[in-house]
Structures are given as structure tokens and as C-alpha cells.
Amino acid sequence: MAEATHRLLLLDDVILSSSRAQAEDLGLTCGVCLGLLQLPEETRCGHLFCRACLDAAASCPLCRAPLVDGGGKRNVAPASPAFQRLLNGLRVCCPHHGRQERVPAKKRKAAPSGGAQEPACEWTGCFGDLLKHVSACSFEEAPCSRGCGARLRRKDLPEHLEQFCPIGTKCEICCAHVPTAGKAAHDKANAQQHTDLLWRRVVEL
């Protein structure tokens, strides 16, 4: 599995029924975050944890055995290749698979009784490919590219940038900084100024 920011992946959120018994029997969950193991490391005392969950630990989170010997060497090692292959081969789905997405209030009011349900992600595959999928999934949250602080599903980012982002853009005519939601009002209020500016540019050609 490729390196990625640690994301909590709970067994119930991603495991397919065909792999559930295997995952539970083999203990493929981390004792710290309780999610499926990501980049698993094994302690000398025989316990497995996500690499990110074990990074700052000085002792085993389960039995408290020291993770650093007298010489300052950490007593942890990557899980065996056989175990990693077993883990990566688990059949899973996207964390957003089959999830009932909330419909915005405006759309919900206009929807038939009971409310409409937006489609959820239908990706399924091997656990070894899951983090790569999540990093590009349109249903996964991502920060606004303009840095306004908002976090939205990737598929909702274009609408946010066009209509709601408070940071906005530069007016292509007068070069003023305009919040996106106020662009129409800006154009209306400055229509004469914009006309004059465009006319000057034509005359100067």
C-alpha cells in the first residue's frame, strides 16, 4: 500500500461480507485506532499496529513492553510480506459506499416526500488499493483550494468555488477582488465603469 496520510478505516465501514470473517479471525485491526491496519508494524512482543499509531509510542500500547532497547534501537519491524499480502488482498468497498448522503436543505424542500438520495460511491476492490482510491474519491472531503478553510466532498468543490467561496476571484475587467457569491452584484454595480474601461482598451488598440 502506498504511503498516505493516516485515515481511520473502520472494519464496518469498508469490509465486504465475503471478507468479514477472515478479517476478524486474523485480527487485522489496529489495537490503537481500532481500524484496519495500515502500513502495519509488529512489536517484538508480537502485536501489530498501524505505523502512524505506533510512531510516537515508547511502549507497546497493549502489553506496555518497551519499544526501545538500551541502545536506543526501536524494537519494531514491518509486518511480514505474507501478512501484508493477506491484508492487502481483503475485499473492501469505499467508506462512502452505499452511504445515504445528506441532501442540502434547498434541494430537500423541493424533493418529493421522503427526500431524494444522492448516489454514493460504488467502488469495490482490494484493501491494498483502497487508500489510493480514497485519495481521489469524489465523495471524500477535501479542503477548498483557495484556502478559505471549508472542507467539502470533492464533487461539491466546483460549486463551492463558483458560488460560495468567500475568497473569490479577481474581476477580469477592473481587476478588483470580488467574493464569488457577490460577482453578479459587483458586475451590476460597476456596469458603467466596466463599459468605460472596455471602451478605453478598444480605443488604445
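Whatever comes next refers back to the structure up there.
Before going into details, it helps to say that this report is about the structure given with it. Values in this document were obtained by computation on a predicted structure and should not be read as measured data. (Residues numbered from 1 in each chain as written. Predicted model: local features only at pLDDT ≥ 70, side-chain atom pairs only at ≥ 80, totals over all residues. Heavy atoms only, no water.)

**Observations concerning the pattern of salt bridges**
Where charged atoms from two side chains of opposite charge come close, those side chains can pair.
Right, so step 1: Enumeration according to the criterion identifies eight salt bridges in this entry.
Right, so step 2: Glu41 serves as the salt-bridge partner of Arg51, at 3.5 Å between the closest nitrogen and oxygen. Of this pair, Arg51 sits in helix α3 (residues 51-54) while Glu41 sits in strand β1 (residues 40-43), placing them ten residues apart in sequence.
Right, so step 3: Overall, the relative accessible area of 12% leaves Glu41 in the buried class.
Right, so step 4: Across the pair Lys183 and Glu172 runs a salt bridge, and its minimum N-O distance is 3.8 Å. Of this pair, Lys183 sits in helix α8 (residues 183-189) while Glu172 sits in the loop between β8 (169-170) and β9 (177-178), and the two are eleven residues apart along the sequence.
Right, so step 5: Given the relative accessible area of 19%, Lys183 is considered buried.
Right, so step 6: Among the charged side chains, a network of salt bridges with common partners joins Arg153, Lys155 and Asp156. (Salt bridge = Lys/Arg side-chain N within 4 Å of Asp/Glu carboxyl O. Helix = DSSP H or I, 4+ residues; strand = E, 2+ residues; numbered from the N terminus. Buried < 20%, exposed > 50% of the residue type's maximum accessible area, 1.4 Å probe, protein only.)

**Considering helix α4 (residues 81-88)**
Right, so step 1: Where α4 is concerned, the buried positions are Phe83, Gln84, Leu87 and Asn88. Mapping the buried residues of α4 onto a view down its axis gives an arc of 130°, with all of them on the same face. In α4, the exposed residues that point more than 90 degrees away from the buried face are Pro81 and Arg85.
Right, so step 2: Turning to α4, the residues buried within the fold contact β1, β2 (48-50) and β5 (124-126). (Arc of directions from axis to C-beta. Contact = heavy atoms within 4.5 Å.)

Interpretation in functional terms is not warranted from these geometric data alone.
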